[in-house]
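# Geometric and topological summary
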Amino acid sequence: MAAFGTVFMPQMALAKYENQQWTDSEIVSSDSISLHPGAHVLHYSSTCFEGLKAFRHQDGSVHIFRMDANIKRMVQSAKLLSLPAFEPAFLEQMIKNIVAKFAAEVPEAPGSMYIRPTFIGTEPAIGKAAAATNSAMLYVLLSPVGDYFAAGARPLRLLLEENGMRCAPHMGMVKSGGNYASALGPITQARTEVDADQVLFCPNGDVQETGAANFILIDGDELITKALDSSFLHGVTRDSILTLARDLGLTVSERQLSVDELLERAAKPGCEAALSGTAAVLTPVGTLIHQGKEHTVGNGEAGATTLKLRQALNDIQWGNSADPHAWLSKV
Ligand SMILES: Cc1ncc(COP(=O)(O)O)c(C=O)c1O
């Protein structure tokens with residue numbers, strides 16, 4: 001199977017912001033876009049994006065998961081990056097249009113159609129380091145994806161990074177390319193030096209998130225994860241998993257988690273840890289690497305509660321159970 005996110009549908013939905021207003025959205029070829037080399041995004045990173053999925057149910061119908069939450073986050077990212085404002089309903093229609101167009105291509109379970117709304121500043125102006133772009137482009141790419149973490153994948157190894165941070169503290173809640181570029185160095189180094197899959201950023205001992213997923217600790221019937229603040233991305237999967245955990249009767253504690261507490265709890269035989277995200281779904285974490293020492297989380301295997309929560313989420317997404325929180329939008 002092709003690597004996640006490397007295959008694209010041949011068309012995308014696209015709209016432009018020019019002369020203080022939005023054009024109608026169009027369906028255009030996704031092969032290329034034309035940008036001036038001095039475009040604002042290429043110099044000053046005026047860009048944000050989203051990631052959500054559409055799922056095919058057994059009756060053939062196609063459903064988009066939590067589109068409203070992703071659109072809301074993109075509106076917030078755009079605002080915090082001084083990109084032009086757009087109405088949530090505008091992007092919703094673009095997403096629905098392009099998914100409807102390629103509904104026949106949405107893979108069956110365990111695959112799905114990954115949806116990537118992207119927003120960039122296009123003004124050709126290299127003197128606007130401290131000024132917002134006055135033109136922009138919003139487009140929605142589609143990429144059919146398989147099971148990102150196929151069954152049998154080993155639990156992840158995470159390096160705990162207490163010195164550096166993923167991105168500037170006020171930018172964590174913005175889904176913007178610069179944050180990912182900023183985390184690349186530490187992740188590449190951790191792969192080379194300690195064979196880690198991901199870096200868990202814990203500046204000054206505060207357990208935050210990895211480069212592309214939120215972190216969740218499960219100790220008995222308590223689920224612990226960092227409370228929302230501006231320093232990390234407010235994952236839609238995180239929110240979904242916390243909701244399902246409450247539904248299952250677990251105690252959900254959104255609060256500060258220190259590296260010391262994490263390592264102390266991880267040493268207990270029944271403890272579980274996982275990464276949550278649209279791509280990761282809920283992926284077990286087996287090992288934490290801290291100051292050169294390896295700490296096994298619980299028994300080092302995928303935990304029972306992690307697998308139960310992951311299944312509960314997948315069952316809603318693929319229509320194998322009810323959707324009590326109205327998370328799906330039929331296309
Ligand atoms: C940095 C980061 N944290 C968390 C997440 C999880 O967010 P979501 O569950 O909305 O996909 C992502 C995205 O996938 C991410 O890139």
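Keep in mind it's a predicted model, so treat the numbers as computed, not measured.

### Observations concerning unusual backbone geometry
The omega torsion across Ala 109 and Pro 110 is 10°, close enough to zero to call that bond cis. Position of Pro 110 among the secondary structure elements: in the loop between helix 3 (88-101) and strand 7 (112-121). Even without being glycine, Val 281 reaches a positive phi, approximately 55°. Tracing the backbone shows Val 281 in strand 15 (residues 281-290). When its relative accessible area of 9% is taken as the criterion, Val 281 is described as buried.

### Quick look at the pattern of salt bridges
Applying the stated criterion across every chain, the model contains 16 salt bridges. Note that Glu 50 and Arg 73 form a salt bridge whose closest N and O atoms lie 2.8 Å from each other. Residue Glu 50 is found in the loop between strand 4 (47-49) and strand 5 (52-56), and its partner Arg 73 is found in helix 2 (residues 67-80); the two are separated by 23 residues along the sequence. Residue class for Glu 50 comes out buried when judged on its relative accessible area of 0%.

### Some details on the site of the ligand
Residues in close proximity to the ligand total 17 residues, the closest being Tyr 180, Glu 209, Val 236, Thr 237 and Thr 278. The side chain of Thr 237 places a nitrogen or oxygen atom 2.6 Å from an oxygen atom of the ligand. In the environment of the ligand, an oxygen atom lies 2.6 Å from a nitrogen or oxygen atom belonging to the side chain of Thr 278. Here the ligand has 380 Å² of accessible area as a free molecule, and 96% of this is covered by the chains.

### Overview of the environment of Val 41
Note that Val 41 resides in helix 1 (residues 40-44). Taking the relative accessible area as the measure of exposure, Val 41 reaches 13% and is therefore buried. Sequence spacing of Val 41 and Ala 136 is 95 residues, and the spatial spacing of their C-alpha atoms is 9.0 Å. Once you skip the residues sitting within four places of it in the chain, Val 41 turns out to touch Leu 35, Ser 46, Thr 47, Ile 120 and Gly 121.

### So, the packing of aromatic side chains
Each aromatic ring pair is specified by the distance between its two centres and by the angle formed by the two planes. Within the structure shown, the criterion is met by 9 aromatic pairs. Counting every residue linked through ring pairs, the aromatic cluster contains Tyr 17, Trp 22, Phe 86, Phe 90 and Phe 119. Over the face of the ring belonging to Tyr 180 we find Arg 166, whose NZ or CZ atom lies 4.8 Å from the ring centre.

### Focus on the pairing of strand 11 (residues 214-219)
With respect to burial, strand 11 is a largely interior element, 6 of its 6 residues being buried. Burial along strand 11 is two-sided: Asn 214, Ile 216 and Ile 218 and Phe 215, Leu 217 and Asp 219, pointing in opposite directions, are all buried. Bridge analysis of strand 11 against strand 14 (residues 272-277) gives 5 bridges, and the strand direction is antiparallel. Considered in strand 14, the bridge of Phe 215 is made with Leu 275.

### A look at the nonpolar core
Formed by 34 residues in total, the largest nonpolar core has its most connected members in Leu 91, Ile 95, Val 99, Ile 115 and Phe 119. Mapped onto this core, the elements with two or more residues apiece are strand 1 (11-18), strand 5, strand 6 (62-65), helix 2, helix 3, strand 7 and strand 8 (136-145). Here the element with the most residues in this core is helix 3; it accounts for 5 residues. Setting aside chain neighbours within four positions, we find Ile 115 in contact with Glu 50, Gly 51, Leu 52, Lys 53, Ala 54, Ile 64, Ile 95, Val 99, Val 140, Leu 141 and Leu 142. Ranked by size, the runner-up nonpolar core spans 21 residues in total, among them Leu 156, Leu 217, Ile 224 and Leu 263.

About the thresholds
Numbers given for residues are sequential positions, taken from 1 along each chain in its written order. Under the rules for a predicted model, residues below a pLDDT of 70 receive no local features and side-chain atom pairs below 80 are neither given nor counted, while totals for whole chains, interfaces and linings still include all residues. Only hydrogens and water are set aside; all other atoms, that is, all heavy atoms of the structure, feed into the side-chain values. Only DSSP runs of H or I with at least four residues qualify as helices, and only runs of E with at least two residues qualify as strands; both kinds are numbered from the N terminus onward. Only protein chains enter the accessibility calculation, which uses a 1.4 Å probe; a residue is then buried when its area is under 20% of its type maximum, exposed when over 50%, and partly exposed in between. Any Lys or Arg side-chain nitrogen located within 4 Å of an Asp or Glu carboxyl oxygen qualifies as a salt bridge. Each residue is tested against the molecule or strand, and it is near if at least one of its non-hydrogen atoms lies within 4 Å. Think of a polar contact as two N or O atoms within 3.5 Å of one another; within protein, one of them needs to be a possible hydrogen donor and the other a possible acceptor, and neighboring residues in sequence only count if both atoms come from side chains. Per-residue and other accessible areas follow the Shrake-Rupley method at a 1.4 Å probe size, with only the shown protein chains counted as cover for residues. Note on contacts: a residue pair qualifies if any of its non-hydrogen atoms lie within 4.5 Å across the two residues. By convention, a stacked pair of Phe, Tyr or Trp rings (six-membered ring in the case of Trp) has centres within 6.5 Å and planes under 30 degrees apart, an edge-to-face pair has planes over 60 apart, and any other such pair is tilted. Whether a charge sits over a ring comes down to the Lys NZ or Arg CZ being within 6 Å of the ring centre and within 35 degrees of the ring normal. One bridge is not enough; two strands pair if DSSP finds at least two bridges between them. By nonpolar core we mean a set of buried residues, namely Ala, Val, Leu, Ile, Met, Phe, Trp, Tyr and Cys, connected to one another through side-chain atoms within 4.5 Å.

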